[in-house]
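Remarks on the overall topology
As a plain string of letters, each chain reads:
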Amino acid sequence: MGDKRLTTHDLESYWAETTPTRPWIRVSMDTGGLAAGAREVYQALLDEQEEARADIDIQQTGSMGLSYADPVVVTGDASGRTVMFGAMDPESARALIRDHMQNGYLLEDRVIASRNRSVELNGQEQVAILVKDTSAGVDEDRTAFFQELIREELAIHELDKRIKVYRAMDMGLYQRGVCVQLLPARVTYADVSGPDIRRIIGESLREGKVLEDLLAGGGDLQERIVLRNCGQTDPNRMESYLQAGGYRGLKRALLEMTPEEVIADMKTSGLRGRGGAGFPTWLKWQLTRDPKADRKIVICNADEGDPGAFMDRSILEGDPHAVLEGLMISAYAIGADKGFFYIRAEYPLAVERIQRAIDETRAAGLLGHNILGSGFSFDAEVRLGAGAFVCGEETALIASIEGRRGSPDPRPPYPSVKGLWGYPTSINNVETLAAVSVILDRGGEWYAGFGTDKSRGTKVFAVTGKVRNPQLVEVPMGIPIRTVIEDICGGADRGARIKAVQTGGPSGGVIPRTKMDTPVTYESLQELGSIMGSGGMLVMDESDSMVDVAKFYLGFCVDESCGKCAPCRIGGFQMLKLLEKIHGGKGKAEDLETIRDICHSMQTASLCGLGQTAPNPVLSTLKYFEEEYLDLVASDKNAVAK
Amino acid sequence: MNTKSADAELGNILDWVERMRKRVCEIAREWEGREGNLIMILHAIQNEFGYVPRGVANELSREMGISMARIYEVITFYHYFRLTPPGNHTVQVCMGTACYLKGAEQLRDELERQLKLMEASGGRKDEFQVENVRCIGCCGMAPAVVVDGETHGRLCPDKVKAVVKQKRGK
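With that settled, consider the domain arrangement of chain A. Residue and element names in this part refer to chain A. As assigned here, chain A comprises domain 1 (21-106), domain 2 (116-219), domain 3 (238-448), domain 4 (458-544) and domain 5 (547-635). One C-alpha centre belongs to domain 1, the other to domain 4; they are set 31 Å apart. Across the interface of domain 1 and domain 4, roughly 360 Å² is buried in total on both sides, 57% from carbon and sulfur atoms. Three residues stand out in domain 1 for area buried against domain 4, namely Gly 65, Ser 67 and Tyr 68, and they jointly supply 83% of the buried area on that side. The interface formed by domain 1 and domain 4 contains 0 salt bridges. Across the domain 1-domain 4 interface, the total number found is 2 residue pairs in polar contact (both at pLDDT 80 or more). Among the residues forming the side of domain 1 that touches domain 4, the class breakdown is 3 nonpolar, 2 polar and no charged.

Quick look at the pattern of salt bridges now. All names here are of chain A. On inspection of all chains with the given rule, the structure shows 65 salt bridges over all chains. A salt bridge links Arg 404 to Glu 402, with the nearest nitrogen and oxygen atoms 2.8 Å apart. For Lys 466, the salt bridge goes to Asp 544, with nearest N and O atoms at 3.0 Å. Of this pair, Lys 466 sits in the loop between strand 14 (458-465) and strand 15 (471-476) while Asp 544 is found in the loop between strand 18 (536-541) and helix 19 (546-560), placing the two residues 78 residues apart along the sequence. Assigned by exposure class, Lys 466 and Asp 544 land together as buried.

The strands making up a sheet are joined through hydrogen bonds of the backbone, oriented either antiparallel or parallel. All names here are of chain A. Read from one edge of the open sheet, 4 strands run 7-6-8-9, paired in mixed fashion. Single-partner strands in this sheet number two, and they are strand 7 (164-167) and strand 9 (187-189). Looking at each pair of strands side by side, their axes are set apart by 20° on average, direction ignored. Note that strand 6 (residues 128-133) and strand 7 share 4 bridges and pair parallel. The residue bridging Leu 130 from the neighbouring strand is Tyr 166, located in strand 7. Lying on the sheet, helix 6 (residues 194-207) is in contact with strand 6, strand 8 (178-183) and strand 9; it crosses strand 8 at an angle near 25°.

Moving on: the domain arrangement of chain B. For chain B, the assigned domains read domain 1 (3-77) and domain 2 (89-169). A C-alpha centroid distance of 30 Å is found between domain 1 of chain B and domain 2 of chain B.

Within the structure shown, the criterion is met by 14 aromatic pairs over all chains. With a centroid separation of 6.1 Å and an interplanar angle of 10°, the aromatic rings of Phe376(A) and Phe378(A) are classed as stacked. You'll find Phe376(A) and Phe378(A) in the same group, each marked buried. Through pairs of rings, three or more aromatic residues link up here, namely Phe77(B), Tyr78(B), Tyr80(B) and Phe81(B). Geometry around Phe461(A) places Lys459(A) over its ring, the cationic atom sitting 5.6 Å from the centre. A cation over an aromatic ring shows up here: Arg34(B) above the ring of Trp31(B), its NZ or CZ 4.0 Å from the ring centre.

Let us look at helix 3 (residues 38-52) of chain A. Residue and element names in this part refer to chain A. If you check helix 3, its first and last C-alpha atoms are 21 Å apart, about what 15 residues at 1.5 Å a residue would give, namely 21 Å. Every buried residue belonging to helix 3 is among Ala 38, Val 41, Tyr 42, Ala 44, Leu 45, Glu 48 and Gln 49, and all of these are buried. For helix 3, the buried positions fall inside an angular range of 160° around the axis, keeping them on one side. More than 90 degrees from the buried face of helix 3, the exposed residues found are Glu 50 and Glu 51. Those residues of helix 3 hidden inside the fold are in contact with strand 1 (24-28), helix 2 (31-35), strand 2 (57-61), strand 3 (73-76) and helix 4 (90-101). A positive backbone phi angle near 50° is found at Arg 53, which sits one or two residues after helix 3.

This part takes up the environment of Met29(A). All names here are of chain A. Its place among the elements puts Met 29 in the loop between strand 1 and helix 2. The class of Met 29 is buried, set by a relative accessible area of 1%. Between the C-alpha atoms of Met 29 and Thr 258, which are 229 residues apart in sequence, the distance is 38 Å. Apart from the residues lying within four places of it in its own chain, the contact partners of Met 29 are Leu 34, Ala 38, Arg 39, Tyr 42, Gln 60, Thr 61, Gly 62, Leu 349 and Arg 353.

On to unusual backbone geometry. Cis geometry is adopted by the peptide bond preceding Pro71(A), which originates at Asp70(A) and carries an omega value of -5°. Looking at the element boundaries, Pro71(A) is found in the loop between strand 2 and strand 3. Residue Pro143(B) follows Ala142(B) across a cis peptide bond; omega there is -5°. Secondary-structure assignment places Pro143(B) in the loop between strand 2 (128-133) and strand 3 (145-147). You will see that Gln175(A), though not glycine, has its phi angle at about 55°, which is positive. On the secondary structure map, Gln175(A) appears in the loop between strand 7 and strand 8. On the accessibility criterion, Gln175(A) (44% relative accessible area) is partly exposed. Despite not being glycine, Arg154(B) has its phi angle at roughly 50°, a positive value.

About the criteria used
- Residues numbered from 1 in each chain as written.
- Chains lettered and ligands numbered in written order.
- Predicted model: local features only at pLDDT ≥ 70, side-chain atom pairs only at ≥ 80, totals over all residues.
- Heavy atoms only, no water.
- Domains from an automatic or database assignment.
- Buried area = accessible area lost by both parts, 1.4 Å probe.
- Salt bridge = Lys/Arg side-chain N within 4 Å of Asp/Glu carboxyl O.
- Polar contact = N/O pair within 3.5 Å; in protein donor to acceptor, adjacent residues only side chain to side chain.
- Nonpolar A, V, L, I, M, F, W, Y, C, P; charged D, E, K, R; others polar.
- Helix = DSSP H or I, 4+ residues; strand = E, 2+ residues; numbered from the N terminus.
- Buried < 20%, exposed > 50% of the residue type's maximum accessible area, 1.4 Å probe, protein only.
- Pairing = 2+ DSSP bridges.
- Axes fitted to C-alpha atoms, helices over the stretch in contact; angles between N-to-C directions.
- Contact = heavy atoms within 4.5 Å.
- Phe/Tyr/Trp six-rings, centres within 6.5 Å; stacked < 30°, edge-to-face > 60°.
- Lys NZ or Arg CZ within 6 Å of the ring centre and 35° of its normal.
- Expected span 1.5 Å × (residues − 1).
- Arc of directions from axis to C-beta.

Here's what the structure looks like:
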C-alpha cells in the first residue's frame, strides 16, 4: 500500500462496495492448511493458471476452520456464485482450473455442499446434482450406487448430457441417510431412498416442484461474527481487510464517539471475556479507565495455552487486523497509549501475521501519532511467550512481559489498577477483541441480538478429538452442545459412540453424553461442573478412559504449576501420584477420599486460577464417571464378585 | 595433535567468540531501551544459536548489565528456552489433548524405536532430537508433529516413520 497516511476519505473509498469482476480462487493457508499441503495446492494453481492462460484472481486467506477438509479452496465468479472444495492436492488443483473454472464441471469427492440450503427452486434450470450417503456406522457407503442410480434416471429423461452427478465430500447433514443437493438452487433432499430418485428427477428437476416430504431445509446453524473474515480476506494485506469494511469501527469510535460512549456501547453489547472467565468487557475497561495515572496500557492475551484449542491461532492467522482494531478501540476507551500482543512462541505464523499487520497499519498512519486526526495516539508491539501455560493468567502474563518468571501475584490489586510496570492495564483475549471491532462498527445493540440474556453474542469453539469433522465453529450462545457436536460436526467418528465432551481444557470438566442437551452459556456449563473456558470442545468416545483423561489434564497442570504456592505445587503433585496409582490398578477406595480432600484444598487455597481450577477435570470425572474409578480400585469388590 | 592444528583450532574458537560477541551486541542494541525486552532478546539468541549457551548468556549479562542470576531465573522457568544444543533435526511431538487422545504417545514410541534403530546401525546420536511439546494448535489435524519447523498432521506410526526417513535422506 506504500507508506502513505490514510485519510478518512481514503478509508471510505475502500469501504465502498465493490463486486469482483474476475473469477477468483481462495486458498486457506493457516498453520493447519499448510500442514495439510495448502502451499503445494496454491503453487499448482499458479502453475496451471499460467499454462492455461486463465484470468483468475488466486488469493491466499486464513482458514474458515474446516480442519477436517484441509486443504480447503473456495471458488467464485462475477455472478457471486461460490463453491467450496476440500481435501485438495496439486493434481485436483490443476483440475480445478481446467475442469471447474474453465468448463464449469465440479470435482468428484471434493465438493463441500453449501449449508445455506434453499427450499425453493425458483424455476431455475439445474445443472448439477451432489449426492452423499451420510449415515454413520453403516458398513457400506451407498454414495456411488446412488450416483449411478441418478445417472440412469437422468438418461431415461435424456437429461444426462445437461446435468452432471457428483459424489460430495461433505453435505453438512449427518445421520440423514442418502442426501441429494440440486445445484445451483441448493435445494436439498435427505433420507432419499431408491424409489425417491424417480420423483426427484421427474417431479423436482423436470417440473420444478419441491418435494416437501424429502426436503432438508434450514440455513447455516453457525453465525460468523468473530470469524467473519477468516477464509475470506488476505491476512497479509491490510487493503483486503479495508475492503471488507475493516477499521470502520475504529473510525466510528475515534471520530464520532467519546470514550465513555464506546464503553456504553460495549455495555449494551453484553460482550463478556472470551478467554474463559466471562468478565464483562465494558466493566474491565471502565475499571481501567477510572484510576488516575500517568499512562495506561492495553494487552491482547494471545497466550492460547489450553491444549486442544486453536480459536485464537485461527483468528490471529486469519484476520489479524480485526484483533488489532479491537485493541486500538480498547485503548481509546481506556485512555492507553501503548498496547502489547502477548503471543505464544509456538504460533510462529500468528506472530508473523500480527507483526505484519502492525507494520502495515503504522505505515498507513492508523497506528502512531494523532490517528485520523482525532488527537488519539497509540502504538502496539509484539511480545512472545516462552512456553508457560500459567502466563495466560493476567498477573503472570504481566510478569512475563516485564521479563520475569511467569509467577502470578496475589490480587488485589488487580491489573486494572496496578498492572504492567505498575500502570493500569486492561487485558483482553483475542476473540474478545475481534468481536470488539465489529461491535463498534455495527453497534452494541446489533451484537446483543445474538445469544441469551446473560451470555450475549456468539462463541467460537474448537471441536476436536473423536469427532467426525474436527473444525472451528462459531455459534450463538445458548445453542445446545448436542447441536454443535452432532448437527454441525457430524457426531462421533464412524462406528463409535460419544461418551463425553470436555470443555475448558485443564481448567474445565467433562460433560457426559446424557447432559449434551445443555445450552452453551457461561452459567449452564458451570452448573454442570465445567466451564465455558476459551473454547476447546473435546469429544471422547467409549474407548477413552476418564481416569486417563483426568490424569492427562492434571499432569499438564502439575507440569505447568509455577511452584509459588504450596496448595498447587504439593497438592497437584500428590494427587497426580494417587491418580497414577489408581490408573495402574494399585489404588484403594480411600484414595478417592484423599483426592477429593486435595481437590478442595487446591480450589480454596491456591493463589491463581491455574491451581484453583486444576482439580476440575478430576472432580467432574469423579462426579459423572465414578464407576470407572471404582472399577480400578475395587480389587476387594472384584474378589467378592468372583 | 601438533601445534599447528591446535593453533588452527584455537583460531576457530576465537573467531566464533568474536562473531558471537558481535551478534550479541547487535541483538542487545536492537532491543536496548525497549519495554519488556529480556524475553525477546533471549528468543533472538536462541534463534541465532539454537539454544542459550552459557558463554552467550555471560556476554549478554555484561553487555546489558543484567546479572546472570536474572537471566538464568528466566531461562529455567520457561520451557521454550534450551540450555543444551538441539539435535541436527528436531522432532516435536504435540502433546495437546486432541493429539494425546488420537495416539501421540504411540507416535512418540515409534520415534524412539526408530532412533534406537538408527543408532544401532551406526547413525549419529545427535542426528535427531525428539521432544514433547505443548499444543501447537493443529488439533483439527491430530495427531501432529513438527519436524524442523514444518507441521505434519493426521499421522500414524507408519507415516511418522516415513517423515523421519525422508528427513534423514536430506
